[in-house]
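Take a look at the letters that make up each chain.
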Amino acid sequence: QGTTVVFISHRLNEVFDLTDRITVFRSGERILTAPTSEMTTDSLVFAMVGHEVERRTTLGAINPHAHVARLNLDGFGVPNACQPLNLTVPAGEILGVVGQLGSGADRLVEAIAGVRSHTGKLSIDSQQVDIQSPRKAISQGIAYVPEDRAGKGVFLEASIGQNSTASILTQLTRFGRLENALERNAAHELMKRFTIDTKRINSKVSSLSGGNQQKVAMAKAAAISPKILILNEPTRGVDIGARAEIYAQLRSMAATGLTVVFFSTDFEEVLELADRVITVFRGEMVNDRMIEHCS
C-alpha cells in the first residue's frame, strides 16, 4: 500500500523473511547497504561482527558425564503454571525448555532456580535439596541468569569488576574486610573467561552493549562454580557475535560437567545450543527429545 517500513532486528531469519534491503551498522558506522536477495547468512554475520563466526553444525555429541544424574525432578510442579513432572538431566547436558509465553515453560526454569515456589522434590546428585529461595538455590550450587539483565541480572551503576564478583564476596573477605587484590584478581579471571575487555574492569556496566552486559551477568553466575546453571532467554537482544561467544562458553562449561537448563522463545537459539529439548504446552510437558543435528 506504499508504506515504507524500517525494521530493526538481531534475528537473522526475520531479516531475510521480511526485508527487501539490508543496512548493517557496526560501532556507530554504516558498513553496507545491499538487496536482501544478494546477502547470505554468512555474509550478513561477517558484516555485523567484522569477522567469521563459527556456528555449531553438529549437536548431540557424546557426553562423558552422562552417567551422572545431576538434576532430578520428582513430581516437580509450579502452582498455577506447570503441572507436576518427572525429569532427569545428566551432568554436562544442555537442556532447552521451550513453550509459548504463558505455557509455564519459563515459570518452570524460574522454579528450578528458586525464584518461584514449587511442589514436589528436586535432587542434585541424588540428594534432595531445599531451593525455596534464590539464596537457598545458590547454596546448593544452582546459579541463575534472568531474562531481564538490566533490571535483575546486573547492577548497572556498579563496575564490571564489582558485578563479576558480587556473588562471591564472602570468599574474598578476610577478617570482615574485602580484600581488593583478591577481588580484582577474581574479576580479571572471570572477565577473561567471558571475553570481556579487562581494561574496562572499573567501567560501569551501564556503559556496555547488551551482549557484554549479558556476559557480565553470566560471569557473576559462573563465579560460584555452580553444578547447575539456569538461564532465562540467554541471548535476548544480543548481537550475533556475542551470541556465538556465549554459546561457546556455555558448551565449554558443559564439557566440564556443568548442567545447563535454559528457556528460550528463539527457535534458532534452541537448535543452536541445546543437546536436548523438552516442550511445555498449557502447563504440561508434552515432548522430550534429543537434538542430533542442525543444518
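Conventions we followed
Residues numbered from 1 in each chain as written. Predicted model: local features only at pLDDT ≥ 70, side-chain atom pairs only at ≥ 80, totals over all residues. Heavy atoms only, no water. Core = buried A, V, L, I, M, F, W, Y, C linked by side-chain atoms within 4.5 Å. Buried < 20%, exposed > 50% of the residue type's maximum accessible area, 1.4 Å probe, protein only. Contact = heavy atoms within 4.5 Å. 1 Å grid on protein atoms, 1.4 Å probe; cavity = no way out; pocket = protein on both sides within 12 Å on 5 of 7 lines; lining within 4 Å. Points joined across faces, edges and corners; volume = space filled by probe spheres on them. Helix = DSSP H or I, 4+ residues; strand = E, 2+ residues; numbered from the N terminus. Nonpolar A, V, L, I, M, F, W, Y, C, P; charged D, E, K, R; others polar. Pairing = 2+ DSSP bridges. Axes fitted to C-alpha atoms, helices over the stretch in contact; angles between N-to-C directions.

Participant: How should the nonpolar core be read in this particular structure?
Facilitator: The nonpolar side chains of soluble globular proteins are, as a tendency, buried together. With 42 residues, the main nonpolar core has L229 and L231 as its most contacted residues. Discounting residues that sit within four places of it in the chain, L231 has contacts with V145, M218, L250, V260, V261, F262 and F263. Of all hydrophobic cores here, the second largest spans 28 residues; its members include L73, I124, I131 and I228.

Participant: Hey, could you run me through the layout of surface pockets in this one?
Facilitator: Over the atoms a probe the size of a water molecule is rolled, and this reveals where empty space is left. By volume, the largest pocket is sized at about 900 Å³. Forming the boundary of the largest pocket are 23 residues, of which F7, I8, S9, I22 and T23 lie nearest the centre. Counting only elements with at least two residues in the lining of the largest pocket, the list comes to α1 (12-18), β1 (21-26) and α2 (41-49). Per-element tally for the lining of the largest pocket: the top contributor is β1, with 6 residues. Split into classes, the residues belonging to the lining of the largest pocket amount to 12 nonpolar, 7 polar and 4 charged. The computed volume of the second largest pocket comes to approximately 580 Å³. Lining the second largest pocket are 25 residues, and of these P134, I138, Y144, S167 and K220 sit closest to its centre. For the lining of the second largest pocket, the secondary-structure elements that each account for two or more residues are α4 (134-139), β8 (142-145), α5 (149-153) and α8 (210-222). Here the lining of the second largest pocket is built from residues that sort into 15 nonpolar, 7 polar and 3 charged.

Participant: I'm lost on the sheet that holds strand β13 (residues 276-281) in this one. Help?
Facilitator: With respect to topology, 6 strands assemble into an open sheet ordered β8-β11-β12-β5-β13-β14, the strand pairing being mixed. Each edge of the sheet is formed by a strand with only one pairing partner; in this case those strands are β8 and β14 (284-290). Between one strand axis and the next, the sheet turns through 20° on average, direction left out of account. Pairing analysis gives 5 bridges linking strand β11 (residues 228-232) to strand β12 (residues 259-263), with the strands arranged parallel. Bridging from a neighbouring strand, L229 pairs with V260 of β12.

Participant: Where do I start with unusual backbone geometry in this structure?
Facilitator: Among all residues save glycine, negative phi is the norm, and among peptide bonds the norm is trans. One non-glycine residue, D125, lies in the positive phi region at around 50°. Turning to its location among the elements, D125 is positioned in the loop between β6 (119-124) and β7 (127-128). Classification of D125 as partly exposed rests on a relative accessible area of 26%. Non-glycine residue S126 carries a positive phi angle of around 70°. With respect to the helices and strands, the residue S126 is situated in the loop between β6 and β7.

All quantities given are derived from atomic positions and should not be read as evidence of function.
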